[in-house]
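Report on the structure
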Amino acid sequence: MTELGAVFRPQLPPERLRALARLADETGLEELWLWEDCFREGGISTAAAALAWTERVRIGVGLLPVPLRNVAITAMEAATLHRMFPGRAVLGVGHGVQDWMGQVGARAESPLTLLREHLFALRALLGGERVSTQGRYVSLDDVALDWPPEGPVEVLTGATGPRTLSLAGEAADGTVLTASTPPDGVRRARRLIDEGRQKAGRTDRHRVVVYLLTATGPDAAARLRAELAEEGVADVPELGVAGDAGAVAKAVQRLADAGADTVVLQPTADEPDPEGFVRFAAEDVRPLVP
């Protein structure tokens, strides 16, 4: 079954999160995803709050930029969420937007090397291992978590370029693809991820999560066109969807057929009714997605 989620966009003030998280929980939506965009809400703080306010919905964070965090802190915070809310936290890490990383003095000379080192160390720490490593960016001396997760947990990574997608297959448990990924892009991503998995000899499950820019309501088509144009991807075929639940469900299915396991509906930045959008995803679209 294709899992369905929705995004709480950080253009909304953090005090709006409680109502949307509870609505996602009550309406049966599988996942609510949060972003850590500079310089808006923090990913871990919002995830912890959303998890505490809800009972069953999984809370995803896509993504935590690795240049901003020592891997030990990432592991400590992730492990705490997994211990307090078993099975409900879904955390992804990634390069971060390079311009933003430059603004805060954290831009790495080799983002791929940093992400590789961070992923291997993070998965080892969350797996309960004691880690010593001396890399270009990640250095740990006899580090282990006192409170690791009690069972296996997913570590996802965001990826767009071919080398990062291959790394995702090699070193992560899942991949998060942006809303600029059409179905053909999902197929391409799957191929590159599988190449990385084959290289590493991995046969475990690898989950692919993709955002789908979605607009509904009387002005849906105009809002979708405007956002795609602003992102510079207005000419990409099969990107985003505007319309009723049937149209959205068909777009979700196209991504699932291309290899996505989870499709997360991403409202436009100017969505006039965020609560209504979550209800639309859960009550109208979800029943139409096999």
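What this report covers is the structure whose coordinates are included nearby. (Residues numbered from 1 in each chain as written. Predicted model: local features only at pLDDT ≥ 70, side-chain atom pairs only at ≥ 80, totals over all residues. Heavy atoms only, no water.)

Roughly 900 Å³ of internal volume is contained in the largest pocket. In this structure, the largest pocket is lined by 31 residues; those nearest its centre are Trp-35, Asp-37, Val-97, Thr-178 and Tyr-211. Elements with a minimum of two residues in the lining of the largest pocket: strand S3 (58-65), helix H4 (98-103), strand S8 (174-177), strand S9 (207-215) and helix H8 (220-230). Taken together, the residues of the lining of the largest pocket sort by class into 15 nonpolar, ten polar and six charged. Considered as a void within the structure, the second largest pocket measures approximately 230 Å³ in volume. Taken together, 18 residues line the second largest pocket, and the ones lying closest to its centre are His-82, Gly-87, Arg-88, Ala-89 and Val-153. Those elements that provide at least two residues to the lining of the second largest pocket are helix H3 (71-84) and strand S4 (89-94). For the lining of the second largest pocket, the residue count by class is six nonpolar, three polar and nine charged. (1 Å grid on protein atoms, 1.4 Å probe; cavity = no way out; pocket = protein on both sides within 12 Å on 5 of 7 lines; lining within 4 Å. Points joined across faces, edges and corners; volume = space filled by probe spheres on them. Helix = DSSP H or I, 4+ residues; strand = E, 2+ residues; numbered from the N terminus. Nonpolar A, V, L, I, M, F, W, Y, C, P; charged D, E, K, R; others polar.)

Before going further, it helps to spend a moment on the pairing of strand S6 (residues 139-143). In the sheet, strand S5 (residues 131-134) pairs with S6 via three bridges, with the strands oriented antiparallel. Within S6, the residue paired with Gln-134 across the bridge is Ser-139. A loop of four residues connects S5 with S6, the two strands running antiparallel in sequence. (Pairing = 2+ DSSP bridges.)

Attention now moves to a nonpolar patch on the surface. Together, Phe-39, Leu-68 and Val-104 line one region of the surface with nonpolar side chains, adding up to about 270 Å² of accessible area. Tracing the chain through its elements places Phe-39 in the loop between strand S2 (31-34) and helix H2 (43-53). (Patch = residues over 30% accessible without salt bridge, like charges linked within 9 Å, V, L, I, M, F, W, Y side chains within 5 Å. Areas by Shrake-Rupley, 256 points an atom, 1.4 Å probe, with all protein chains shown as cover. Salt bridge = Lys/Arg side-chain N within 4 Å of Asp/Glu carboxyl O.)

Time to look at the packing of helix H1 (residues 17-27) against H2. For the pair H1 and H2, interaxial distance at closest approach is 9 Å and the crossing angle is 50 degrees. Considering their axes alone, H1 and H2 lie oblique with respect to each other. Between H1 and H2 lies a crossing whose hand is right-handed. Here H1 contributes Leu-17, Arg-18, Ala-21 and Arg-22 to the contact with H2, which in turn contributes Thr-46, Ala-50 and Trp-53. In terms of residue class, the contact of H1 with H2 is built from four nonpolar, one polar and two charged. (Axes fitted to C-alpha atoms, helices over the stretch in contact; angles between N-to-C directions. Parallel < 35°, antiparallel > 145°, perpendicular 65-115°, else oblique. Left-handed = near helix turned anticlockwise from the far one by under 90°. Contact = heavy atoms within 4.5 Å.)

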